[in-house]
Amino acid sequence: MAITFPDLPYPKNALEPHISARTLEFHHGKHHKSYVDKGNDAIKGTEFENMSLEEIIKKTSGDSSKTAVFNNCAQAWNHDFYWKCMKGDGGGKATGKIAEKIDADFGSFDKFVEELKAAGTGQFGSGWAWLVLDGDKLKVVKTLNAENPMSQGMKPLLTADVWEHAYYLDYQNRRPDYLSAFLDKLVNWDFANQNLG
Ligand code: MN
(Lines give C-alpha, C1' and ligand atoms only; values in the text may rest on other atoms or scores of the structure.)
Protein backbone atom coordinates (compact mmCIF):
# COMPACT_ATOMS: atom_id res chain seq x y z
CA MET A 1 0.00 0.00 0.00
CA ALA A 2 1.65 3.18 -1.15
CA ILE A 3 1.97 6.12 1.21
CA THR A 4 -0.41 8.81 0.03
CA PHE A 5 0.29 12.51 -0.31
CA PRO A 6 -2.82 14.13 1.19
CA ASP A 7 -4.16 17.52 0.19
CA LEU A 8 -4.04 20.24 2.83
CA PRO A 9 -7.32 20.25 4.78
CA TYR A 10 -7.77 23.97 3.88
CA PRO A 11 -6.72 26.40 1.14
CA LYS A 12 -3.04 27.46 1.12
CA ASN A 13 -3.89 30.97 2.35
CA ALA A 14 -6.20 29.77 5.14
CA LEU A 15 -3.64 30.26 7.92
CA GLU A 16 -2.56 33.77 6.91
CA PRO A 17 -1.27 36.05 8.30
CA HIS A 18 0.20 33.62 10.85
CA ILE A 19 1.52 31.06 8.35
CA SER A 20 1.76 32.30 4.78
CA ALA A 21 0.57 30.57 1.61
CA ARG A 22 4.21 30.62 0.51
CA THR A 23 5.29 28.66 3.59
CA LEU A 24 2.54 26.09 2.98
CA GLU A 25 3.45 25.91 -0.70
CA PHE A 26 6.98 24.81 0.21
CA HIS A 27 6.23 22.98 3.44
CA HIS A 28 3.36 20.91 2.06
CA GLY A 29 4.13 20.94 -1.67
CA LYS A 30 7.89 20.28 -1.43
CA HIS A 31 8.92 19.04 2.03
CA HIS A 32 5.92 16.85 2.83
CA LYS A 33 5.73 15.55 -0.75
CA SER A 34 9.40 14.65 -0.70
CA TYR A 35 8.96 12.59 2.51
CA VAL A 36 6.10 10.71 0.84
CA ASP A 37 8.07 10.10 -2.38
CA LYS A 38 11.23 9.00 -0.56
CA GLY A 39 9.20 6.90 1.88
CA ASN A 40 7.56 5.08 -1.02
CA ASP A 41 10.97 4.48 -2.62
CA ALA A 42 12.33 3.17 0.68
CA ILE A 43 9.51 0.67 1.38
CA LYS A 44 9.11 -0.59 -2.20
CA GLY A 45 9.70 -4.34 -2.39
CA THR A 46 10.39 -4.61 1.37
CA GLU A 47 8.55 -6.13 4.33
CA PHE A 48 7.13 -2.64 5.00
CA GLU A 49 5.38 -2.28 1.66
CA ASN A 50 1.96 -3.38 2.93
CA MET A 51 2.10 -1.95 6.44
CA SER A 52 0.36 1.16 7.70
CA LEU A 53 2.56 4.18 8.50
CA GLU A 54 1.87 3.63 12.21
CA GLU A 55 3.13 0.04 12.03
CA ILE A 56 6.21 1.09 10.06
CA ILE A 57 7.00 3.86 12.57
CA LYS A 58 6.71 1.53 15.57
CA LYS A 59 8.76 -1.22 13.88
CA THR A 60 11.63 0.93 12.59
CA SER A 61 12.09 3.58 15.30
CA GLY A 62 15.58 3.30 16.77
CA ASP A 63 16.74 0.77 14.13
CA SER A 64 19.88 2.29 12.62
CA SER A 65 19.64 -0.03 9.59
CA LYS A 66 16.21 1.40 8.70
CA THR A 67 16.75 5.14 8.97
CA ALA A 68 15.56 6.02 5.45
CA VAL A 69 12.34 4.06 5.98
CA PHE A 70 11.78 5.47 9.45
CA ASN A 71 12.64 9.11 8.76
CA ASN A 72 10.51 9.45 5.63
CA CYS A 73 7.54 7.41 6.85
CA ALA A 74 7.45 9.15 10.23
CA GLN A 75 7.70 12.55 8.56
CA ALA A 76 4.86 11.60 6.18
CA TRP A 77 2.67 10.75 9.21
CA ASN A 78 3.82 13.74 11.27
CA HIS A 79 3.01 16.26 8.54
CA ASP A 80 -0.41 14.83 7.73
CA PHE A 81 -1.17 15.08 11.47
CA TYR A 82 0.31 18.58 11.82
CA TRP A 83 -1.88 20.09 9.06
CA LYS A 84 -4.96 18.84 10.86
CA CYS A 85 -3.77 20.37 14.14
CA MET A 86 -4.37 23.86 12.70
CA LYS A 87 -7.21 25.86 11.24
CA GLY A 88 -7.73 29.44 10.12
CA ASP A 89 -9.73 30.70 13.09
CA GLY A 90 -8.20 28.39 15.67
CA GLY A 91 -6.05 28.82 18.74
CA GLY A 92 -6.76 30.25 22.12
CA LYS A 93 -8.12 28.36 25.09
CA ALA A 94 -8.89 24.69 24.62
CA THR A 95 -12.52 23.67 24.29
CA GLY A 96 -14.50 20.52 25.02
CA LYS A 97 -13.33 17.50 26.95
CA ILE A 98 -9.64 18.21 26.45
CA ALA A 99 -10.00 21.60 28.18
CA GLU A 100 -11.06 19.89 31.41
CA LYS A 101 -8.28 17.33 31.10
CA ILE A 102 -5.68 20.05 30.52
CA ASP A 103 -6.82 21.81 33.71
CA ALA A 104 -6.73 18.53 35.61
CA ASP A 105 -3.35 17.27 34.35
CA PHE A 106 -1.37 20.54 33.96
CA GLY A 107 -3.07 22.60 36.68
CA SER A 108 -4.20 25.29 34.22
CA PHE A 109 -4.35 26.09 30.51
CA ASP A 110 -1.58 28.69 30.98
CA LYS A 111 0.68 26.03 32.44
CA PHE A 112 0.08 23.83 29.38
CA VAL A 113 0.92 26.77 27.06
CA GLU A 114 4.10 27.42 29.03
CA GLU A 115 5.15 23.76 28.75
CA LEU A 116 4.42 23.47 25.03
CA LYS A 117 6.36 26.68 24.29
CA ALA A 118 9.26 25.49 26.45
CA ALA A 119 9.29 22.13 24.63
CA GLY A 120 9.17 23.78 21.19
CA THR A 121 11.80 26.42 21.85
CA GLY A 122 13.95 23.99 23.86
CA GLN A 123 14.14 21.40 21.07
CA PHE A 124 17.69 22.00 19.80
CA GLY A 125 17.80 21.74 16.00
CA SER A 126 14.88 20.09 14.22
CA GLY A 127 11.94 18.31 15.76
CA TRP A 128 8.41 18.46 17.11
CA ALA A 129 6.57 19.59 20.24
CA TRP A 130 3.62 17.37 21.19
CA LEU A 131 0.63 17.12 23.47
CA VAL A 132 0.20 13.40 24.10
CA LEU A 133 -1.79 10.96 26.16
CA ASP A 134 0.61 8.84 28.21
CA GLY A 135 -1.48 6.16 29.88
CA ASP A 136 -4.40 8.26 31.08
CA LYS A 137 -2.41 11.47 31.64
CA LEU A 138 -1.79 14.37 29.28
CA LYS A 139 1.85 15.29 28.83
CA VAL A 140 3.95 17.63 26.72
CA VAL A 141 6.96 16.01 25.07
CA LYS A 142 9.46 17.02 22.40
CA THR A 143 11.03 14.76 19.80
CA LEU A 144 14.12 15.05 17.62
CA ASN A 145 13.98 15.13 13.81
CA ALA A 146 11.32 12.63 12.63
CA GLU A 147 10.68 10.90 15.98
CA ASN A 148 7.08 10.39 17.05
CA PRO A 149 5.91 9.71 20.63
CA MET A 150 3.91 6.69 19.40
CA SER A 151 7.26 4.84 19.31
CA GLN A 152 7.27 5.23 23.12
CA GLY A 153 3.69 4.01 23.47
CA MET A 154 2.18 7.50 23.79
CA LYS A 155 -0.80 8.76 21.81
CA PRO A 156 -0.28 12.03 19.88
CA LEU A 157 -3.12 14.54 20.35
CA LEU A 158 -1.55 17.73 18.95
CA THR A 159 1.79 18.74 17.44
CA ALA A 160 3.78 21.79 16.38
CA ASP A 161 6.48 21.30 13.74
CA VAL A 162 9.57 23.15 14.95
CA TRP A 163 11.82 22.40 11.98
CA GLU A 164 13.02 25.74 10.55
CA HIS A 165 11.17 25.02 7.28
CA ALA A 166 7.88 25.36 9.24
CA TYR A 167 8.43 29.03 10.12
CA TYR A 168 11.57 30.51 8.55
CA LEU A 169 9.90 32.36 5.66
CA ASP A 170 7.40 34.01 8.03
CA TYR A 171 9.38 34.38 11.26
CA GLN A 172 13.06 33.85 10.27
CA ASN A 173 14.79 32.73 13.50
CA ARG A 174 11.91 33.72 15.79
CA ARG A 175 10.67 30.24 16.71
CA PRO A 176 8.99 31.51 19.93
CA ASP A 177 6.84 33.93 17.86
CA TYR A 178 5.77 31.10 15.53
CA LEU A 179 4.86 28.96 18.56
CA SER A 180 2.84 31.82 20.06
CA ALA A 181 0.92 32.22 16.79
CA PHE A 182 0.37 28.45 16.64
CA LEU A 183 -1.11 28.45 20.17
CA ASP A 184 -2.98 31.76 20.04
CA LYS A 185 -4.36 31.67 16.47
CA LEU A 186 -4.09 28.26 14.84
CA VAL A 187 -4.65 25.23 17.09
CA ASN A 188 -7.62 23.12 16.02
CA TRP A 189 -8.98 21.98 19.39
CA ASP A 190 -11.75 19.97 17.68
CA PHE A 191 -9.06 17.77 16.14
CA ALA A 192 -7.27 17.36 19.47
CA ASN A 193 -10.60 16.39 21.08
CA GLN A 194 -11.21 13.81 18.35
CA ASN A 195 -7.78 12.31 19.02
CA LEU A 196 -8.48 12.16 22.74
CA GLY A 197 -11.49 10.03 21.76
MN1 MN B 1 7.90 20.06 8.45
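Provided above is the structure to which this section pertains.
Values in this document were obtained by computation on a predicted structure and should not be read as measured data. (Residues numbered from 1 in each chain as written. Predicted model: local features only at pLDDT ≥ 70, side-chain atom pairs only at ≥ 80, totals over all residues. Heavy atoms only, no water.)

**Remarks on the pattern of salt bridges**
And then number 1: Under the defined criterion, the tally for this structure stands at eight salt bridges.
And then number 2: Glu115 is the partner of Lys111 in a salt bridge, and the nearest nitrogen-oxygen pair spans 3.1 Å. In this pair, Lys111 and Glu115 both sit in helix 5 (residues 109-122), four residues apart, roughly one turn of the helix.
And then number 3: Owing to a relative accessible area of 29%, Glu115 belongs among the partly exposed residues under this scheme.
And then number 4: Arg174 is paired through a salt bridge with Asp177; the nearest N and O atoms lie 3.0 Å apart.
And then number 5: Since its relative accessible area comes to 36%, Arg174 is described here as partly exposed.
And then number 6: Each of Lys101, Asp105 and Lys137 takes part in salt bridges that share partners, so that together they form one network. (Salt bridge = Lys/Arg side-chain N within 4 Å of Asp/Glu carboxyl O. Helix = DSSP H or I, 4+ residues; strand = E, 2+ residues; numbered from the N terminus. Buried < 20%, exposed > 50% of the residue type's maximum accessible area, 1.4 Å probe, protein only.)

**Re the coordination of the manganese ion**
And then number 1: Those protein atoms acting as donors to the manganese ion are His27 (NE2), His79 (NE2), Asp161 (OD) and His165 (NE2), and they sit at 2.0 to 2.1 Å.
And then number 2: Taken in chain order, the donor set of the manganese ion reads H-x51-H-x81-D-x3-H. With His27 in helix 1 (residues 21-43) and His79 in helix 3 (residues 67-84), this pair connects stretches of sequence that are 52 residues apart.
And then number 3: What makes His79 buried here is its relative accessible area of 0%. (Donors = N, O, S within 2.8 Å, 3.2 Å for Na, K, Ca; no water.)

**Observations concerning the nonpolar core**
And then number 1: Membership of the largest hydrophobic core comes to 66 residues, with the highest contact counts inside it found for Ile98, Phe112 and Trp189.
And then number 2: Broken down by element, this core gets its largest block of residues, nine residues, from helix 3.
And then number 3: No fewer than three residues from each of domain 1 (21-84) and domain 2 (97-196) sit in this core.
And then number 4: Non-local contacts of Trp189, meaning those with residues more than four positions away in its chain, are made with Gly91, Gly92, Lys93, Ala94, Thr95, Ile98, Ile102, Phe109, Phe112, Leu131 and Leu158. (Core = buried A, V, L, I, M, F, W, Y, C linked by side-chain atoms within 4.5 Å. Domains from an automatic or database assignment. Contact = heavy atoms within 4.5 Å.)

**Side note on the sheet that holds strand 1 (residues 127-134)**
And then number 1: Spatially, 2-1-3 is the arrangement adopted by the three strands of the open sheet, whose pairing is antiparallel. Edge positions in the open sheet fall to strand 2 (137-144) and strand 3 (155-161), since each of these has one partner strand only. The average angle at which neighbouring strand axes cross in this sheet is 25 degrees, direction not considered.
And then number 2: Across six bridges, the pairing between strand 1 and strand 3 is antiparallel. Residue pairing for strand 3: Leu131 is matched across the bridge by Leu158.
And then number 3: Along the sheet, helix 5 contacts strand 1, strand 2 and strand 3; its crossing angle with strand 2, the most-contacted strand, is approximately 15 degrees. (Pairing = 2+ DSSP bridges. Axes fitted to C-alpha atoms, helices over the stretch in contact; angles between N-to-C directions.)

**Considering the environment of Gly29**
And then number 1: Among the secondary structure elements, Gly29 is positioned in helix 1.
And then number 2: For the pair formed by Gly29 and Leu8, sequence separation is 21 residues and the distance between their alpha carbons is 9.3 Å.
And then number 3: Other than its neighbours up to four places away in sequence, Gly29 contacts Phe5 and Leu24.

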